[in-house]
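The lines below spell out each chain.
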2 protein chains.
Amino acid sequence: MQKYKPSCKEEQDFLRDYNPNQFPPVAVTVDAVIFGIEKDNTDNYRKLDEQSLKVLLVKRDSYPYKDCYSLPGGFVLAGETFEDSLQRTLKNKTGLTNVYSEQLYTFGEVDRDPRMRVISCAYISLLDTRKAKIKDATWVDVNHIKELKMAFDHENIIEEAIRRMRGKINYTDIVFHMMPEEFTMSELQQVYEKILGEKLLAPAFRRTISEKLEDTGKMTGNAGHRPSRLFRYVKSKK
Amino acid sequence: MQKYKPSCKEEQDFLRDYNPNQFPPVAVTVDAVIFGIEKDNTDNYRKLDEQSLKVLLVKRDSYPYKDCYSLPGGFVLAGETFEDSLQRTLKNKTGLTNVYSEQLYTFGEVDRDPRMRVISCAYISLLDTRKAKIKDATWVDVNHIKELKMAFDHENIIEEAIRRMRGKINYTDIVFHMMPEEFTMSELQQVYEKILGEKLLAPAFRRTISEKLEDTGKMTGNAGHRPSRLFRYVKSKK
């Protein structure tokens, strides 16, 4: 933004004398909800590997909520935008760089942090787990979150992120952030099903999704599977 | 939220000794982008009154940006949730009570306020201007915002809100917050057109919108107009 120019001497004095410490202290954090679809290896070699929707968590090593799981996140520093803060935090806590993120929601409940009032601006990302090099963080099946000790209101933030993602996958192209360059129709349908938490009818799915796909002309060659056509994502032809 | 219980004496001491003033001061505000469709009276009595998309603004009476227009908003107080803060601020600055709002986006640019670092959590609302009793605030045609002196990054916030509203009106029912109980198809189509900023084809519009509407069995009786069927909103029949 352009540097603000006071309109007159009176305003100059007002700004010079303004006391930023007049308000009760509040801190701002960013937290990242990073989703990926990961294959759970199956013994049945003829079956499409089972996949599940996972979220990236870190284990806290300090108070409060020590040893609990939390979203990767941290305090926004002076002079840092939310996006800068998010990328710095993700690099430090998960090893991820240049993560494409969208703002999800800002959580401002009064007692959500026992240290002081902390406002958290949460971001959501969808990643291709095969490309993402992770360190010090763990992919956790979203269906197993309830079995973990979670820090702060992060379980709630993850639920909100899942709702948002479900709302968005049918009218945006965000899902392709999770896909490899080339994929089969069944693989894509399974990703949709894992996100939506329900089975889809193949013919209807293929009809609606086809305008976002391009046939690569190639086929899969995995032993044990019947060869399947490989597609790639193209921006909607409409 | 449940009151946090420290896990041990060490954590108890950690929390007791935690210094919330260790961070550079930051303040949090809420700002409301309130949209309404208002009729601009026309001289042509046979024509459907022209309407335009308006946003509710207040004139600032103190530094900074004194005498500029801004969104109604204010500082979030200690112990106050964002939603509480929003309703209190709206009541004080516009007279509106119980406004249905959704969080839009949180604006955290470092220099957006010349007083200190101020994070603004913006909310979006759609109102039926005929029902809304406003005081000390003005409905401004969104196409005339650029002609006004606007405070802070509020012009930018309004643009973001318009984008969000355009994205949402086709797959949610938010538009009906702006409509009276009963309305004609032409009135509804005009509201869509004002929000989208483009003309729609009547047959296509009627086809897609019909599942959200119920025929009241009544007709308009305005002199000078051909009588039109009156509809009301019903939750999607699907």
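Scroll up for the structure.
Conventions adopted
Residues numbered from 1 in each chain as written. Chains lettered and ligands numbered in written order. Predicted model: local features only at pLDDT ≥ 70, side-chain atom pairs only at ≥ 80, totals over all residues. Heavy atoms only, no water. Helix = DSSP H or I, 4+ residues; strand = E, 2+ residues; numbered from the N terminus. Buried < 20%, exposed > 50% of the residue type's maximum accessible area, 1.4 Å probe, protein only. Contact = heavy atoms within 4.5 Å. Least-squares fit on C-alpha atoms with pLDDT ≥ 70 in both. Core = buried A, V, L, I, M, F, W, Y, C linked by side-chain atoms within 4.5 Å. Salt bridge = Lys/Arg side-chain N within 4 Å of Asp/Glu carboxyl O. Buried area = accessible area lost by both parts, 1.4 Å probe. Nonpolar A, V, L, I, M, F, W, Y, C, P; charged D, E, K, R; others polar.

So, the environment of glutamate 214 of chain A
Residues and elements named next belong to chain A.
Reasoning step 1: Positionally, glutamate 214 belongs in strand β8 (residues 213-219).
Reasoning step 2: Using a relative accessible area of 33% as the deciding quantity, one classes glutamate 214 as partly exposed.
Reasoning step 3: The spacing of glutamate 214 and valine 175 is 39 residues in sequence and 16 Å in space, taken between C-alpha atoms.
Reasoning step 4: Setting aside anything within four residues of it in sequence, one finds glutamate 214 in contact with Leu230, Phe231, Arg232 and Val234.

With respect to the relation of the copies chain A and chain B
Reasoning step 1: With an RMSD of 0.0 Å, chain A superimposes on chain B once it is rotated by 180° and translated 0.0 Å along the axis. In symmetry terms, the pair is related by a two-fold rotation axis.
Reasoning step 2: Of all interface residues in chain A, 100% are interface residues in chain B too; the two copies therefore contact each other through one and the same surface.

A few points about the nonpolar core
Reasoning step 1: Of all hydrophobic cores here, the largest spans 40 residues; its most connected members are Ile34 and Phe82 of chain A together with Ile34 and Phe82 of chain B.
Reasoning step 2: Counting residues per element, the ones that place at least two in this core are β1 (26-40), β2 (50-59), α2 (82-94) and β6 (117-127) of chain A together with β1 (26-40), β2 (50-59), α2 (82-94) and β6 (117-127) of chain B.
Reasoning step 3: Setting aside anything within four residues of it in sequence, one finds phenylalanine 82 of chain B in contact with Thr106, Gly108, Arg117 and Ile119 of chain A together with Val28, Val30, Val76, Gln103, Cys121 and Tyr123 of chain B.

Section: the pattern of salt bridges
Here the idea is simple: oppositely charged side chains can pair when their charged atoms come close.
Reasoning step 1: Considering all chains together, one arrives at 36 salt bridges over all chains under this definition.
Reasoning step 2: Its salt-bridge partner being glutamate 155 of chain A, residue lysine 146 of chain A comes within 2.7 Å of it at the nearest N-O pair.
Reasoning step 3: Judged by its relative accessible area of 24%, glutamate 155 of chain A is partly exposed.
Reasoning step 4: In this structure, arginine 229 of chain B engages aspartate 215 of chain B in a salt bridge whose closest nitrogen and oxygen atoms are separated by 3.1 Å. With arginine 229 of chain B in strand β9 (residues 229-233) and aspartate 215 of chain B in strand β8 (residues 213-219), this residue pair connects regions lying 14 residues apart in the sequence.
Reasoning step 5: On the accessibility criterion, arginine 229 of chain B (44% relative accessible area) is partly exposed.
Reasoning step 6: Under the relative-accessibility criterion, aspartate 215 of chain B is labelled partly exposed at 35%.
Reasoning step 7: Through salt bridges with shared partners, a single network forms among Lys9, Asp13, Arg16 and Asp17 of chain A.

A word on the interface of chain A and chain B
Reasoning step 1: If you look at the interface, chain A gives 46 residues, while chain B gives 46 residues.
Reasoning step 2: Contact between chain A and chain B buries roughly 4,100 Å² in total, counting both sides, with carbon and sulfur atoms accounting for 69%.
Reasoning step 3: At the junction of chain A and chain B, the tally comes to 0 salt bridges.
Reasoning step 4: Contributions of two or more residues to the side of chain A that touches chain B are made by α1 (9-17), β1, α2, β5 (102-107) and β6 of chain A.
Reasoning step 5: Top contributing element to the side of chain A that touches chain B by residue count: α1 of chain A, with 4 residues.
Reasoning step 6: Split into classes, the residues belonging to the side of chain A that touches chain B amount to 29 nonpolar, 7 polar and 10 charged.

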